[in-house]
Amino acid sequence: MTIKGVVHKVGDDINTDDIIAAKYLVSTDAKELGAHCLESIMPEFIKKVKPGDIIVAGKNFGCGSSREHAPWAIKGCGVTAVIAKSFAAIFFRNAINIGLPFLELDTIERIQDGDVLEIDLSSGIINNTTRNQRYQTQAFPEFLQELVKAGGLMNWLTKKEKK
Amino acid sequence: MEFSGPVISCLGMDDRFSMSNMAIEAGARAGLIAPDNITWQYVRASGLKRQKGGKRPCSPQSAACSGLFSDPDAHYEKVYEWDISDVEPQVACPHLPSNVKPVSAMRRVSVDQVVIGSCTNGRINDLRSAARVLKGKKAKAGVRLIVFPATQKIYREAVKEGLAEIFVKAGGIFSTPTCGPCLGGHMGILAEGETCIATTNRNFIGRMGSPKSFVYLSNPAVAAASAITGKITHPGRF
């Protein structure tokens, strides 16, 4: 499974209040939440982000409240993958459950805002086509790829039930 | 993340819950404390009955309960040890729970609002600790004092013990349990430029309202003392 998109770089310790402020938690609609993704710390992000784009972050991405709205907002604004130095544990699991691939990479400094990346989830290889660089991250397990393809755990279960 | 040592084994369950709650802010999935007699007393007092023929579930020797303890040969990623004999109360400054400074270094920080309670520090011992400081005192004019227990059961206890009376007499409001103020949901939402000291768990940008407000985190006694003076204050003064 391959993902290709343009990079938006963010810093360390991006918490779930940054990703989606509590005042928007009245909705569970991914599109509606996505329209306010990262609004309070990077108001320009939502104007720049396009479907298929990729977020590249520093350490401890997704710290704070484990509100599921946060990964929904990321998915809802069109982002297809997040690469970070490290993720907060409870947030990581939420993202997998809604079918949004997260990858850990140590050398995120080599990636710049606006670079184009090609991620091969099966091998864990990331190609930076802008800089002709290649990074190796952990391969995304087959089962998790299935979850991503199905659009998350609940969809995966529903499909399985129907079979 | 597991907590242990002579200090932890002296802590009551209410304090242990606060520590376990905050472990998430340190990146942990859970904050574990091995069960002991204090745990067992808490379980009994909460009305849970021992199973027929069951043993006290707090002995590492009992086979039925071995799952409640870390293995003796468990490998820990890292082990940290602190001597806290001389550590004064710590305050987390904006905008990260890990951005901590000793309370005595915070004397110049004025507050518009004091929030005591929540899932993190809203148990009966937390409310007692705040009430000891606030008894017979008034929150400074212009400072909003909001107290809310973690559960309905604690709410009733606080009313029965007269703690609610102390908070209201001090000029505060005593609310039913809610997530409201902690995440800027409702009640005490901070306006631009306002500062709050709270016993909640997070102080990220915009957490309690405006992205241009400031949240400091502390224990209930520090928060209570700060309500009286209108500045971040060591509770030893009262």
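Nothing here was measured: the structure is a model prediction, and the numbers come from that model. (Residues numbered from 1 in each chain as written. Chains lettered and ligands numbered in written order. Predicted model: local features only at pLDDT ≥ 70, side-chain atom pairs only at ≥ 80, totals over all residues.)

Topic: the overall build of chain A
Where we set the bar: Secondary structure elements follow DSSP: runs of H or I of four or more residues count as helices, runs of E of two or more count as strands, with numbering from the N terminus. Here the radius of gyration uses the C-alpha set of atoms, whereas the globule reference equals 2.2 Å times the residue count to the power 0.38. Between the buried cut of 20 or more and the exposed cut of 12 or fewer other C-beta atoms within 10 Å of a residue's own C-beta lies the partly exposed class, and all C-beta atoms are placed from the backbone.
When helices and strands are counted, chain A shows 7 helices and 7 strands. Reading the helices (α) and strands (β) of chain A from amino to carboxyl end gives β-α-α-α-β-α-β-α-β-β-β-β-α-α. Over its C-alpha trace chain A gives a radius of gyration of 15 Å, about what one expects of a compact globule, namely 15 Å for 163 residues. Expressed as lengths along the three principal axes of its C-alpha atoms, the size of chain A is roughly 45 × 40 × 25 Å. Burial statistics for chain A: of 163 residues in total, 40% are counted as buried.

Re the domain arrangement of chain B
Residues and elements named next belong to chain B. To be explicit about the condition: These domain limits were set by an automatic method or by a database of domain assignments. Each residue gets one label: Ala, Val, Leu, Ile, Met, Phe, Trp, Tyr, Cys and Pro are nonpolar, Asp, Glu, Lys and Arg are charged, and the others, such as Gly, are polar.
Split into domains, chain B comes out as domain 1 (2-68) and domain 2 (90-237). Averaged C-alpha coordinates put domain 1 and domain 2 at centres separated by 27 Å. Of the residues that constitute the side of domain 1 that touches domain 2, the class distribution is 2 nonpolar, 3 polar and 3 charged.

With respect to the pairing of strand β3 (residues 81-84) of chain A
Residues and elements named next belong to chain A. Under the convention used in this document: Here a crossover is taken to be right-handed if, once the strands point away from the viewer, the path from the first strand over the helix to the second is traced clockwise. Pairs of strands are assigned from DSSP output, requiring at least two bridges between the strands.
In β3, alternate side chains face the same way, and those of Ala-81 and Ile-83 on one face and Val-82 and Ala-84 on the other are all buried. Note on the crossover from strand β2 (residues 54-57) through helix α4 (residues 69-76) to β3: the handedness is right-handed. In this sheet, strand β4 (residues 102-104) lies alongside β3 in parallel orientation, the contact comprising 3 bridges. Each bridged residue has a counterpart across the sheet, and for Ala-84 the counterpart in β4 is Glu-104. After leaving β3, the chain enters helix α5 (residues 89-97) and then returns to the sheet as β4, a path that is right-handed.

Brief notes about the interface of chain B and chain A
One frequently used descriptor of interface size is the decrease in accessible area upon assembly of the parts. Quick reminder of the rule: Two residues form a contact once the distance between their C-beta atoms, set from the backbone, is within 7 Å.
In this complex, chain B contributes 13 residues to the contact, which on the side of chain A involves 16 residues. Split by residue class, the side of chain B that touches chain A holds 6 nonpolar, 4 polar and 3 charged.

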